[in-house]
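Here is what each chain is made of, one letter per residue.
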Amino acid sequence: MTEPKEELTSVDIAAVVGELQEYVGAKFDKFYQYGDETVRLKMRDYEEGRADLFAEVGERKRLHLVEEPPDAPQRPPNLPMLMRKRLSSGELVAVEQHGFDRVVVLRGERGDEVYSIVVELFGDGNFVFVEGDVYEGNEKSTVLRSLRTVRLKTRTVAGGEPYEFPSQRVDPSALSYDEFVEEVEKSGSDLVRTLASVMGFGGVYAEEICARAGVEKELDIQEATEDDYEAVYGSARALFDRLENGDIEPRIVYDGDAPVDVTPFPLVRYEENEAERHETFNEALDAYFAEVDEYEEQEESGDEEVERQRRIVQQQEG
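Below is a summary of the structure that appears in this document. (Residues numbered from 1 in each chain as written. Predicted model: local features only at pLDDT ≥ 70, side-chain atom pairs only at ≥ 80, totals over all residues. Heavy atoms only, no water.)

**Considering the nonpolar core**
Judged by nonpolar contacts, the single largest core of 78 residues is most densely connected at Ile117, Val119, Phe127, Phe180, Leu195, Phe201 and Leu239. With near-sequence residues (within four places) excluded, Phe180 lies in contact with Leu175, Leu195, Met199, Tyr229, Val232 and Tyr233. In terms of nonpolar packing, the next biggest core, distinct from the first, is built from 11 residues, Val103, Val134, Val157 and Tyr163 among them. (Core = buried A, V, L, I, M, F, W, Y, C linked by side-chain atoms within 4.5 Å. Buried < 20%, exposed > 50% of the residue type's maximum accessible area, 1.4 Å probe, protein only. Contact = heavy atoms within 4.5 Å.)

**Overview of the pairing of strand S12 (residues 251-255)**
On any regular strand, side chains alternate: one points to one face of the sheet, the next to the other face. Most of S12 is tucked away: 4 of the 5 residues are buried. Taken together, the 5 bridges between S12 and strand S13 (residues 258-263) define a ladder with antiparallel strand orientation. Counted as the bridge partner of Arg251 is Thr263 from S13. Counting the residues in the hairpin turn of S12 and S13 gives 2 residues, including Gly256, whose phi is positive at 70 degrees. Sheet analysis places S12 next to strand S14 (residues 274-277), joined by 4 bridges and oriented antiparallel. Paired with Arg251 across the two strands is Arg277, which belongs to S14. (Helix = DSSP H or I, 4+ residues; strand = E, 2+ residues; numbered from the N terminus. Pairing = 2+ DSSP bridges.)

**As for helix H2 (residues 78-87)**
Those residues of H2 not exposed but buried are Leu79, Pro80, Met83 and Leu87. Angular distribution of buried residues about the axis of H2 spans 90 degrees; they occupy a single face of the element. In H2, those exposed residues whose orientation departs by more than 90 degrees from the buried face are Asn78 and Lys85. Close packing links the buried residues of H2 with strand S1 (27-34), strand S2 (38-45), strand S6 (103-110), strand S7 (113-120), strand S8 (126-131) and strand S9 (142-146). (Arc of directions from axis to C-beta.)

**Observations concerning the layout of surface pockets**
For the largest pocket, the calculated volume is near 410 Å³. In terms of lining, the largest pocket is formed by 18 residues, of which the most central are Tyr23, Leu65, Thr280, Asn282 and Glu283. When residues of the lining of the largest pocket are traced back to their parent elements, those giving at least two are strand S3 (49-57) and helix H7 (281-317). At 4 residues, the largest contribution of residues to the lining of the largest pocket is made by H7. (1 Å grid on protein atoms, 1.4 Å probe; cavity = no way out; pocket = protein on both sides within 12 Å on 5 of 7 lines; lining within 4 Å. Points joined across faces, edges and corners; volume = space filled by probe spheres on them.)

**What to know about the packing of helix H3 (residues 177-185) against helix H6 (residues 226-245)**
Running from N to C, H3 and H6 point in directions that differ by 110 degrees, and their axes come no closer than 11 Å. Classified by the angle between their axes, H3 and H6 sit roughly perpendicular to one another. For the element pair H3 and H6, the recorded crossing hand is right-handed. Seen from H3, the contacting residues are Tyr177, Phe180, Val181, Val184 and Glu185; seen from H6, they are Glu226, Tyr229, Glu230, Val232 and Tyr233. In the contact of H3 with H6, the residues fall into 7 nonpolar, no polar and 3 charged. (Axes fitted to C-alpha atoms, helices over the stretch in contact; angles between N-to-C directions. Parallel < 35°, antiparallel > 145°, perpendicular 65-115°, else oblique. Left-handed = near helix turned anticlockwise from the far one by under 90°. Nonpolar A, V, L, I, M, F, W, Y, C, P; charged D, E, K, R; others polar.)

**Quick look at the pairing of S3**
Along S3, 7 of the 9 residues are buried, which leaves the element largely enclosed by surrounding structure. By the bridge criterion, 8 bridges tie S2 to S3 in an arrangement that is antiparallel. Bridge assignment links Val39 to a residue of S3, and that residue is Ala55. Count of turn residues in the S2/S3 antiparallel hairpin: 3 residues. When S3 meets strand S4 (residues 61-65), the two strands line up antiparallel, connected through 5 bridges. If you follow Glu56 over to S4, its bridge partner there is Arg62. Between S3 and the antiparallel strand that follows it, S4, lie 3 residues.

**Digging into the side chain of Arg40**
Here Arg40 is to be found in strand S2. Polar contacts involving the side chain of Arg40 include one to the side chain of Tyr34, which spans 2.9 Å. In contact with Arg40, other than residues within four places in its own chain, are Lys30, Phe31, Tyr32, Tyr34, Asp52, Leu53, Phe54, Pro69, Pro70 and Ala72. (Polar contact = N/O pair within 3.5 Å; in protein donor to acceptor, adjacent residues only side chain to side chain.)

Right, dumping it as structure tokens:
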């Protein structure tokens, strides 16, 4: 059986961020932290009403609105307490995906104060609360607190330090056809691996682009023709056009009874699978992860029952 998706791709994040534009102008209410990996942002919007944004940055990496958030912890840890002190009653002024990376920046303002909330949905994941605008340069933004401290040769994320974005990959949504070909030809790999890693689409959407282009996914870059490049570029551009226009058809995909994926629009690879349609991608994500948890709990309880029956048989045989 296909393993269920546990992390959002760059394409998924673009769809989420697109829908969250409706909440720009909302007021931050409270902030909550669950364990070491999850933060909830509670907001109030005049038109949309209450909104709870869930950011999980552990083994599971997701960012989306939730309809029924878990109960608030009794004692808020230091991170949400600091965010309440600095940003409660402030306004959400922007939600952006950093390039085409798995990084989301939410900017808030309260009076003359500007803050950035950075949700990193790659690698080990992180949630970072920053004083200042992270897009105004290192001198203008200082990390106040984060779920994880990062000290690498390439970047540092630690309290009191300027916030540093990870090394940015190519943003395929901003490439002209000639620039796209130039980037692809630098790769010594095949087409699907180049789209997945160099361009950042990830395996599922890299294969989808190839399938819709009618080009063999394992085609060696050195053997690709201009017709191949034009078809693949056109397929990628069509994907970005749908995301930019909000032209999505969210659905949860099943393998038998098991939820295995959630996508902003139908994919060729899942044509034979059962799927459940949702109105928004945020709703689909909320329902999907709840179903994955429920399914895994049922599987686990089923395994426990099988083990119990096995022990009974062994005892009877003894």
